[in-house]
Amino acid sequence: MTGPVVVGFDGSPESLAAAAWAAREARRRNLRLDVLQAWPRPKHVAPGTEQGDHAALARLAEREGELRALVPEVAVSASSVAADPVEALEAAAHDAAVLVLGSRGLGTVRGFLVGSVSQEVLRRAACPVVLIRADGDEPDGPVTVGLDLAHPADAVLAFAFETAALRSAPLRVIHVWSPPAGSEYMSYGAIGGLEPEVSAVERSGLAEALEPWRERHPEVAVTTDLIRGKAAVDLVDAATTARLLVVGRRLRRMPLRHHHLGPVAHAAIHHVHCPVAVVPYG
C-alpha cells in the first residue's frame, strides 16, 4: 500500500477521533495523511464564501495543526471540497491505502450508530475502510479477522497480517462454519455425528489458507478459532476482546446501487465495540 491514509472530517467528535486514529496509522505505515472535508455547495461557490464556511474551514485548519503536532514525522495535508461527501470519499478511496471514517458511538441497542454517508462509502470504497467510534479507543488485545473459507480472500488476510505486524500485536483468525446444506432436515444427533469430520476438514482448510501468510509474517503470533454457528452472530461475540476487527466485503459485478455489505460486515459495523476494518476483495 503506497497511497495515503485518508480521513473524512466534518468537525464532529467522531471525526476528531477518526483523524487522530488515522494520524497514528499513517505514522505506523510511513504514509502521508490526507484530511478531507466535503459538503455539497453550488459548484460556482468557492469554499469560504458562504455563511458557515469560515467556521468549518477554521476547524479544519485547527485540526490540521493539531495533527501535525501529534505526528510531526508524518506529512499532513487538509482540503475542503465542494462535493457530495460520499462521492468525494469514494473518489479519494481509489488512491488511498486506508480510508478512515468516524462512527457516532454506541446506540440504544449497544451498537455503532453508522451514518448514511459512512454506510454508503463502505459499500462503494475501493480500499479498506476503518470505522472509529467517537471515543477513539483501540483497546489492548489481538487484531482479529473473520475468515470465510468458502470465499478465501488474500486482500483480507494481507490487511489483517500487516495490521497486526505494524502493532506488534497477535493475530486471531476466526472461521465460523455451519453444518452442510440440507442438514436442517437431519436429527440433532446426526448433525452432531458429522461435526468431527466436518470440523477436521474446515481446520485443514484454515491451516492451508493461512500457511503462506504465516511464512510472509513469521513475526506475527497467530491463533485460530473454529466456531460452529452463524458468522454474523458469533464473530461479533468473538470480537469482544479485539483491538481491531477485520472483515471482508465481496466486490460485486453489478451496478453500484445493488452493492451491499453482506450480513457479516453489516453486523460487525453495527455491533462490534472496537474499530472495524472492512476490506473489499474479489
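As the structure is a prediction and not an experimental result, all values here were calculated from the model.

Enquirer: Please provide a residue-by-residue account of the packing of helix α3 (residues 85–93) against helix α4 (residues 116–124), values included.
Expert: Where α3 meets α4, the closest approach of the two axes is 9 Å, and the angle between their N-to-C directions is 35°. Note that α3 runs across α4; the crossing there is right-handed. Note on element contacts: α4 touches α3 through V117, E120, V121 and R124, opposite P85, V86, E87, L89 and E90. Among the residues making up the contact of α3 with α4, the classes are represented as five nonpolar, no polar and four charged.

Enquirer: Lay out the pairing of strand β6 (residues 143–146) in plain terms, naming residues and giving numbers.
Expert: Of the two faces of β6, the one holding V143 and V145 and the one holding T144 and G146 are both buried throughout. Taken together, the four bridges between β6 and strand β7 (residues 171–177) define a ladder with parallel strand orientation. When the sheet's bridge partners are listed, T144 is paired in β7 with R172. Both β6 and strand β9 (residues 244–250) contribute to a ladder of three bridges, which runs parallel. Across the sheet, V145 pairs through a bridge with V246, a residue of β9.

Enquirer: Hey, could you go over the layout of surface pockets for me, with residue numbers and the actual values?
Expert: Roughly 550 Å³ of volume is contained in the largest pocket. Surrounding the largest pocket, 26 residues form its lining, D148, A231, G248, V264 and Y281 being those nearest its centre. Counting residues per element, the ones that place at least two in the lining of the largest pocket are β7, α7 (231–238), β9 and α8 (263–271). Per-class residue counts for the lining of the largest pocket are 14 nonpolar, seven polar and five charged.

Enquirer: Can you explain the side chain of D34? Please cite residues and give values.
Expert: Within the fold, D34 resides in strand β2 (residues 33–39). Look at D34 and you get buried, because its relative accessible area is 15%. Those residues within four positions of D34 in sequence are excluded, and the remaining contacts are P4, V5, V6, V7 and S77.

Enquirer: Please set out the nonpolar core residue by residue, giving values where relevant.
Expert: One finds L33, V100, L171 and V246 to be the most contacted residues of the largest nonpolar core, which totals 50 residues. At seven residues, helix α1 (residues 13–29) tops the list of elements feeding residues into this core. With residues up to four places along the chain from it excluded, the contact list for L33 reads V5, V7, A19, A22, A23, A26, L67, V74, A75, V76 and S77.

Enquirer: I'd like to hear about unusual backbone geometry, residue by residue, with values.
Expert: Most of the time, phi is negative for any residue but glycine, and the peptide bond is trans. Even without being glycine, N30 reaches a positive phi, approximately 60°. Its identity is not glycine, yet S168 carries a phi of approximately 50°, on the positive side.

Enquirer: Go over α8, please, and point to the residues and values.
Expert: Restricting attention to buried positions, one finds in α8 the residues A265, A267, A268, I269 and H270. Taken together, the buried residues of α8 touch α4, β5 (129–133), α7, β9 and β10 (276–281).

Enquirer: Help me get a handle on the packing of aromatic side chains, residues and values and all.
Expert: A complete count under the given rule lists one aromatic pair for this structure. Looking at R216, its charged tip hangs above the ring of W213, at a distance of 4.2 Å from the centre.

Enquirer: Mind laying out α3, listing which residues take part and the relevant values?
Expert: Counting buried residues along α3, seven of its nine residues qualify, which places the element largely inside the surrounding structure. Within the sequence span of α3, burial applies to P85, V86, A88, L89, E90, A92 and A93. In this fold, the buried residues of α3 make contact with β1 (5–8), β2, β3 (76–82), β4 (98–103) and α4.

Enquirer: How would you explain the pattern of salt bridges if you had to name every residue and give the values?
Expert: In total, this model carries 13 salt bridges according to the counting rule given. In this structure, E25 engages R28 in a salt bridge whose closest nitrogen and oxygen atoms are separated by 2.8 Å. Within this pair, E25 and its partner R28 are both found in helix α1, separated by three residues, close to a single helical turn. The class of R28 is partly exposed, set by a relative accessible area of 28%. Taking the shortest distance from any N to any O, the salt bridge between E138 and R243 comes out at 3.2 Å. Placement of E138 in the loop between β5 and β6 and of R243 in the loop between α7 and β9 is noted, with a sequence separation of 105 residues between them. Here E138 falls in the buried class, since its relative accessible area comes to 17%. R243 gets classed as buried once you look at its relative accessible area, which sits at 15%. Overlapping salt bridges bring together E25, R28, R29, E138, E162, R167 and R243 as one network.

Parameters and conventions
Residues numbered from 1 in each chain as written. Predicted model: local features only at pLDDT ≥ 70, side-chain atom pairs only at ≥ 80, totals over all residues. Heavy atoms only, no water. Axes fitted to C-alpha atoms, helices over the stretch in contact; angles between N-to-C directions. Helix = DSSP H or I, 4+ residues; strand = E, 2+ residues; numbered from the N terminus. Left-handed = near helix turned anticlockwise from the far one by under 90°. Contact = heavy atoms within 4.5 Å. Nonpolar A, V, L, I, M, F, W, Y, C, P; charged D, E, K, R; others polar. Buried < 20%, exposed > 50% of the residue type's maximum accessible area, 1.4 Å probe, protein only. Pairing = 2+ DSSP bridges. 1 Å grid on protein atoms, 1.4 Å probe; cavity = no way out; pocket = protein on both sides within 12 Å on 5 of 7 lines; lining within 4 Å. Points joined across faces, edges and corners; volume = space filled by probe spheres on them. Core = buried A, V, L, I, M, F, W, Y, C linked by side-chain atoms within 4.5 Å. Phe/Tyr/Trp six-rings, centres within 6.5 Å; stacked < 30°, edge-to-face > 60°. Lys NZ or Arg CZ within 6 Å of the ring centre and 35° of its normal. Salt bridge = Lys/Arg side-chain N within 4 Å of Asp/Glu carboxyl O.

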